[in-house]
Amino acid sequence: TLDIGPRRFSIIRVPAMAGGTALGHTSIYAEEIRLAPNINGRATARVFLHEVVHAINDEYEIDLTESQVSRLANGLCASLQALSFYPTELKLADDV
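This text gives an overview of the structure that appears in the document. None of the values given here were measured: they were computed from a predicted structure.

### Points about helix α1 (residues 41-59)
Compared with an ideal rise of 1.5 Å per residue, which puts 19 residues at 27 Å, α1 spans 26 Å between its outermost C-alpha atoms and is within 8% of the ideal. Structurally, the start of α1 carries an N-cap: the backbone nitrogen of Arg42 is 3.1 Å from a side-chain oxygen of Asn40. A positive backbone phi angle near 50 degrees is found at Glu61, which sits one or two residues after α1.

### Observations concerning a nonpolar patch on the surface
Where nonpolar side chains cluster on the molecular surface, the patch consists of Ile56, Tyr60 and Ile62 and spans about 290 Å² of accessible area. Locating Ile56 in the fold gives a position in helix α1.

### Notes on the side chain of His54
Assignment of secondary structure puts His54 in helix α1. Beyond its immediate chain neighbours, meaning those up to four positions away, His54 contacts Thr26, Glu66 and Val69.

### Notes on the packing of α1 against helix α2 (residues 66-82)
Contact pair α1 / α2: the axes reach a minimum separation of 9 Å and the direction vectors enclose 125 degrees. In terms of orientation, α1 lies oblique with respect to α2. Remark: the crossing between α1 and α2 carries right-handed chirality. Here α1 contributes Ala45, Arg46, Leu49, His50, Val53 and His54 to the contact with α2, which in turn contributes Glu66, Val69, Ser70, Leu72, Ala73, Asn74, Leu76, Cys77 and Gln81. Classifying every residue of the contact of α1 with α2 gives eight nonpolar, five polar and two charged.

About the criteria used
- Residues numbered from 1 in each chain as written.
- Predicted model: local features only at pLDDT ≥ 70, side-chain atom pairs only at ≥ 80, totals over all residues.
- Heavy atoms only, no water.
- Helix = DSSP H or I, 4+ residues; strand = E, 2+ residues; numbered from the N terminus.
- Expected span 1.5 Å × (residues − 1).
- Polar contact = N/O pair within 3.5 Å; in protein donor to acceptor, adjacent residues only side chain to side chain.
- Patch = residues over 30% accessible without salt bridge, like charges linked within 9 Å, V, L, I, M, F, W, Y side chains within 5 Å.
- Areas by Shrake-Rupley, 256 points an atom, 1.4 Å probe, with all protein chains shown as cover.
- Salt bridge = Lys/Arg side-chain N within 4 Å of Asp/Glu carboxyl O.
- Contact = heavy atoms within 4.5 Å.
- Axes fitted to C-alpha atoms, helices over the stretch in contact; angles between N-to-C directions.
- Parallel < 35°, antiparallel > 145°, perpendicular 65-115°, else oblique.
- Left-handed = near helix turned anticlockwise from the far one by under 90°.
- Nonpolar A, V, L, I, M, F, W, Y, C, P; charged D, E, K, R; others polar.

Given below as structure tokens:
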């Protein structure tokens, strides 16, 4: 789980993402960060951080566009990985 503000988000793999092409989705109401099962460890780290930025954006009503979320998540991921504060690969508890 991940706490963002007063919410506690579950991080789950979802077999069928909406539209079939999405790699992740955040539901502030269900308090879930959903990730596609077909992404690997390296992509999982980036997609997860992208969805965390969405959750922060929604919780704090920042009103970022999808493009802004992507750029911010990519910049954070690169910067935090360069400092060894964030993994280049991420495995969830349910990953085999």
